[in-house]
Each structure stands twice: as C-alpha cells, then as structure tokens.
Amino acid sequence: MKYAIIGCGRIAVNHIKAVVNNKLDLVAMCDIDSSKFDIMLEKAGCGHFPEAERYADYKQMLADHPEIELVAIATESGKHARIALDCIDAGKHLIIEKPMAMSMADADEIIRRADEKGVKVSACHQNRFNVAIQQLRQALEAGRFGRLSHGTIHVRWNRGKSYYDQAPWRGTWEQDGGTLMNQCIHGIDLLRWMMGDEVVEVYGTTRQRFHDYLEAEDVGVAVVKFANGAVGSIEGTSNVYPKNLEETLYLFGENGTVKIGGTSTNNIDVWDFADETEDDQVNKGLVEQTSNVYGNGHTLLYADVIDAIENDRVPYVDAVAGRNALEMVLAIYKSQKTGKPVRLPLSNFASTDMAGEF
C-alpha cells in the first residue's frame with residue numbers, strides 16, 4: 001500500500017516504525033522543516049528511504065503522487081483538520097494524530113466529508129490496542145462487570161519548560177490546547193469508550209499553576225455523567241514532580257474491579273471478578289514492556305486501518321472515536337469558561353474559545 005506522512009517531528013517516529021512493521025511503501029514525506037526528515041528516519045531505526053520524496057508543501061505532494069492511498073497527519077494539532085479535509089477531498093484514507101481537530105465543527109466536518117467521499121479515517125488513539133486495555137475491553141464486552149458503578153482516569157505526568165521550548169506551538173489555544181488536550185486525551189478516550197460512550201453531562205475545572213509561559217491549562221479535573229447511569233472522574237496534569245508518575249484507568253462494576261496502571265495504561269495492577277477462572281491468573285500482574293509513553297499500539301492501529309481499507313469496513317478506532325474524545329476535552333474547557341455543567345452533545349465550541357482564560 002502506498003503511504004505518505006505529513007509532519008515529521010517527534011510523534012512521527014512511531015508512525016514510521018509502524019510503516020516498517022506493516023511493510024507499507026513510503027512514497028513521500030512532508031514537513032516545512034527539512035531537517036526533520038533524516039532525524040525522524042534515524043530515530044525510527046529504518047534507514048533513509050532514499051526513494052521517498054521530500055516536500056514542504058503537502059498539496060504539491062498530493063498532486064504529484066495520486067497513487068498514494070493512505071496518509072498520516074502528525075503535524076501540530078491546530079493544522080490537523082485543514083490538512084485532513086484536503087486529503088479527504090483528494091480521496092486519501094487517513095490516520096490523524098490526536099486530537100483529530102481543535103473544534104467540534106471541524107471534527108464533524110471531517111466525519112461528514114469522509115463519509116461523502118468514501119474514505120476511511122482513523123483517529124490515532126493507539127492505547128486502545130494496549131494488551132491490558134484489550135483484556136479489559138474483552139471482559140467488559142463479555143458482561144463480566146455486571147452493571148457499572150463508576151470509572152476514573154488519572155494522567156499524572158511531568159512536562160517542564162524544556163519540553164515546551166522544543167516547539168513554540170505547544171500550550172497555545174490555537175495549535176495545541178493544554179494538558180487535557182495533549183497529554184490526557186488518550187486516557188479520556190479510554191474512559192469514555194469503556195463507560196459506554198454516551199455522555200449526558202460534564203462538569204470540570206482547569207487551572208494553570210506552574211506553566212505561566214503557556215496560554216493553556218496544566219491541570220484539570222472533571223466529573224462525567226454517563227447515559228447508562230454510571231459516573232466517571234477525570235484528573236489530568238503535567239505538574240507531577242519530578243517525572244511521569246502514572247496513567248491509570250479504574251473500572252468498578254457490581255461483579256468486577258480492574259485497575260490498569262503503568263505510565264501509559266500498559267499494566268494490569270488489579271484484576272478481580274466474581275466469576276474468576278484459571279485464565280484470569282494470566283492477567284493478574286500483567287506488564288507490557290514499552291520504550292516510551294506512546295506504547296506499542298501504533299503498529300496494531302496501522303494493521304487495523306490497512307485491513308479496514310482492504311475489506312471496506314470501519315476502522316477499530318474511527319473518526320467518531322476521535323470526535324468523542326475531543327468533545328470530552330472541549331466540554332471540560334467550556335465548563336471552566338462558563339462555571340457550569342455542560343450538556344452533551346456539544347456543538348460550536350473550539351479550543352480558541354478559551355483564549356485569555358488564564
């Protein structure tokens with residue numbers, strides 16, 4: 001399958017590793033900073049792909065290579081939607097890094113236009129493919145929890161000034177958002193997905209405590225009311241001293257309790273069910289080794305998207321999933337801005353509506 005990537009910075013390394021693992025044909029790469037190409041390829045440990053053309057203009061890349069079937073978008077977040085819509089109009093299937101967009105209007109338009117053009121769009125929430133998360137999902141779908149009581153996600157990480165100095169767009173309302181949008185959206189996606197997806201109301205508050213050189217928040221907490229009667233809580237921060245502590249997902253049901261821990265929801269710390277079998281012993285204490293906080297899920301996400309294209313089905317993590325995760329973050333932002341609970345579905349709200357909040 002012919003493939004191209006737009007945006008060749010830090011996160012793109014994981015995409016290129018997945019390209020190699022899935023034996024995709026890297027036709028072209030695009031970034032306005034030409035110094036990033038070789039750095040990305042070297043960090044991915046895959047040589048220099050001399051046959052892959054290099055571009056500063058993604059529109060020119062698309063025009064020059066009509067044979068490209070799949071495009072990954074890994075630019076700064078504020079550019080995702082515009083590039084995605086141009087790629088959809090060109091008939092390309094997409095993998096879009098999180099967040100899929102920075103406004104509800106853009107996310108909804110991506111979904112609408114992809115359906116109109118008949119292309120597949122996957123939001124890159126790769127943690128859904130973590131071994132621990134897949135085991136949890138299987139138990140949930142088998143009904144082993146019974147009725148759900150509540151669920152929580154804690155993303156307790158560290159990001160200092162040196163991180164933000166690497167890219168001036170980080171922490172801005174137009175191009176990035178704060179810690180909930182950037183660092184915590186994967187965990188927020190997992191919580192909503194596990195709790196039934198349908199959300200009634202979100203009430204949240206955010207603060208900027210230790211990062212006064214940014215526009216956006218560095219800590220946020222929220223309470224979520226789900227349509228099935230269960231409740232959820234969200235805690236996300238980049239203020240943990242001195243390094244990343246954990247990304248932890250809890251699920252509590254009448255017949256089961258599970259805690260997924262580790263630095264990025266990659267371990268099973270608690271696995272208790274009323275109908276326990278010998279097979280459950282494998283999950284108790286499960287640890288999935290990862291080399292970074294991005295985990296191992298990119299390769300599996302790519303494999304799923306390739307299969308979805310070849311078999312004309314919806315990707316496992318589709319554009320609606322990306323929209324749902326974005327909606328949760330923007331609902332917390334709107335709640336902070338208004339001081340009131342926010343009812344879902346959410347429309348006509350964007351990260352830029354938070355300008356000047358702090």
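Here, the structure is the one placed above.
Sequence positions are assigned chain by chain, starting from 1 and proceeding in written order. Local features in this predicted model are restricted to residues of pLDDT 70 or higher, and side-chain atom pairs are both shown and tallied only at a pLDDT of 80 or more, whereas totals for entire chains, interfaces and linings draw on every residue. With hydrogens and water stripped out, all remaining heavy atoms of the structure feed into the side-chain values.

A. Structural view of the overall build of the protein. Going along the chain from the N terminus, every DSSP run of H or I of four or more residues is numbered as a helix, and every run of E of two or more is numbered as a strand. Counting its secondary structure elements, the protein contains ten helices and 14 strands. Atoms counted for the radius of gyration: C-alpha only. Globule rule: 2.2 Å times the number of residues to the power 0.38. Its C-alpha radius of gyration of 20 Å places the protein within 12% of the 21 Å reference for a compact globule of 358 residues. Along the first, second and third principal axes, the C-alpha set of the protein runs to 55 × 50 × 45 Å. Each residue is assigned to one of three classes by its accessible area relative to the maximum for its type, calculated with a 1.4 Å probe on protein chains only: buried under 20%, partly exposed between the two thresholds, exposed over 50%. Taking all 358 residues of the protein together, the buried fraction comes to 58%.

B. Layout of the pairing of strand 7 (residues 148-156). Pairing between strands is defined by DSSP: at least two bridges between the two strands are required. Relative to strand 11 (residues 246-253), strand 7 runs antiparallel, the two sharing eight bridges. By the bridge assignment, His154 is partnered in strand 11 with Thr248. Judged from the seven bridges that link them, strand 7 and strand 10 (residues 231-237) form a sheet pairing that is parallel. Paired with Val155 across the bridge in strand 10 is Gly236.

C. Looking closely at the packing of aromatic side chains. Centres within 6.5 Å are what make two rings of Phe, Tyr or Trp a pair, Trp counting through its six-membered ring; a difference in plane orientation under 30 degrees is then read as stacked, over 60 as edge-to-face, and the rest as tilted. Applying the stated rule across the entire model yields ten aromatic pairs. Note on Trp193 and Tyr316: the rings are 5.9 Å apart at their centroids and 90 degrees apart in plane angle, and the pair reads as edge-to-face. Taken together, the residues span a long stretch of sequence, with Trp193 in helix 8 (residues 185-194) and Tyr316 in the loop between helix 9 (297-311) and helix 10 (319-338) at a distance of 123 residues. On the basis of relative accessible area, Trp193 is assigned to the buried category, the value being 7%. On the basis of relative accessibility, which here comes to 33%, the residue Tyr316 falls in the partly exposed class. Chaining the aromatic ring pairs together yields one cluster made of Phe129, Trp193 and Tyr316. Whether a charge sits over a ring comes down to the Lys NZ or Arg CZ being within 6 Å of the ring centre and within 35 degrees of the ring normal. Here the basic side chain of Arg144 rests over the ring of Phe273, its NZ or CZ set 4.3 Å away from the ring centre. The ring of Tyr163 has Arg159 sitting right over it, with the charged end atom 5.1 Å from the ring centre.

D. Fine view of helix 9. The span you would expect from a helix comes to 1.5 Å times its residue count less one. The terminal C-alpha atoms of helix 9, which comprises 15 residues, lie 21 Å apart, in line with the 21 Å expected from a rise of 1.5 Å per residue. Every buried residue belonging to helix 9 is among Gly297, His298, Leu301, Tyr302, Asp304, Val305, Ile306, Ala308 and Ile309, and all of these are buried. Contacts are assigned to residue pairs that have any heavy atoms within 4.5 Å of one another. Each element contacted by the buried residues of helix 9 is listed here: strand 1 (2-6), helix 1 (12-21), strand 4 (70-73), strand 5 (93-97) and strand 6 (121-124). Backbone geometry just downstream of helix 9 places Asp312 in the positive-phi region, at approximately 50 degrees.

E. Up close: the sheet that holds strand 3 (residues 53-55). Pairing is parallel in the open sheet, where six strands are placed in the order 3-2-1-4-5-6. Every interior strand has two partners, whereas the edge strands, strand 3 and strand 6, have only one. Here the average twist between neighbouring strands, direction ignored, is 20 degrees. Relative to strand 4, strand 1 runs parallel, the two sharing four bridges. From the neighbouring strand, Tyr3 faces strand 4, where its bridge partner is Leu70. Strands strand 1, strand 2 (25-30), strand 4, strand 5 and strand 6 of the sheet are contacted by helix 1, whose axis makes an angle of about 175 degrees with strand 1. To obtain an axis, a line is fitted to C-alpha atoms, over the contacting stretch when the element is a helix, and the angle between two such axes runs from 0 to 180 degrees between their N-to-C directions.

F. Broad picture of the sheet that holds strand 9 (residues 219-226). In spatial order, the strands read 13-12-11-7-10-9-8-14; together these eight strands make up an open sheet with mixed pairing. At either margin of the open sheet sits one strand with a lone partner, and together these are strand 13 (267-273) and strand 14 (342-343). Strand direction decides the pairing type here: strand 12 (residues 256-261) and strand 13, joined by six bridges, are antiparallel. Note on strand 13: the bridge partner recorded for Ile260 is Ile268. Packed on one face of the sheet, helix 6 (residues 131-141) meets strand 7, strand 11, strand 12 and strand 13 and runs near 20 degrees to strand 13. Sitting on the sheet, helix 10 is in contact with strand 8 (199-207), strand 9, strand 10 and strand 14, with an inclination near 60 degrees to strand 8.

G. Here's a closer look at the pattern of salt bridges. In the sections that follow, a salt bridge refers to a side-chain nitrogen of Lys or Arg positioned within 4 Å of a carboxyl oxygen of Asp or Glu. Evaluation of the coordinates by the stated rule reveals 27 salt bridges. The residue Asp189 makes a salt bridge to Arg128 at a minimum N-O spacing of 2.7 Å. Taken together, the residues Asp189 in helix 8 and Arg128 in the loop between strand 6 and helix 6 connect sequence positions 61 residues apart. When sorted by exposure, Asp189 lands in the same class as Arg128, which is buried. For Glu254, the salt bridge is made with Arg147, and the minimal N-O distance between the two is 3.8 Å.

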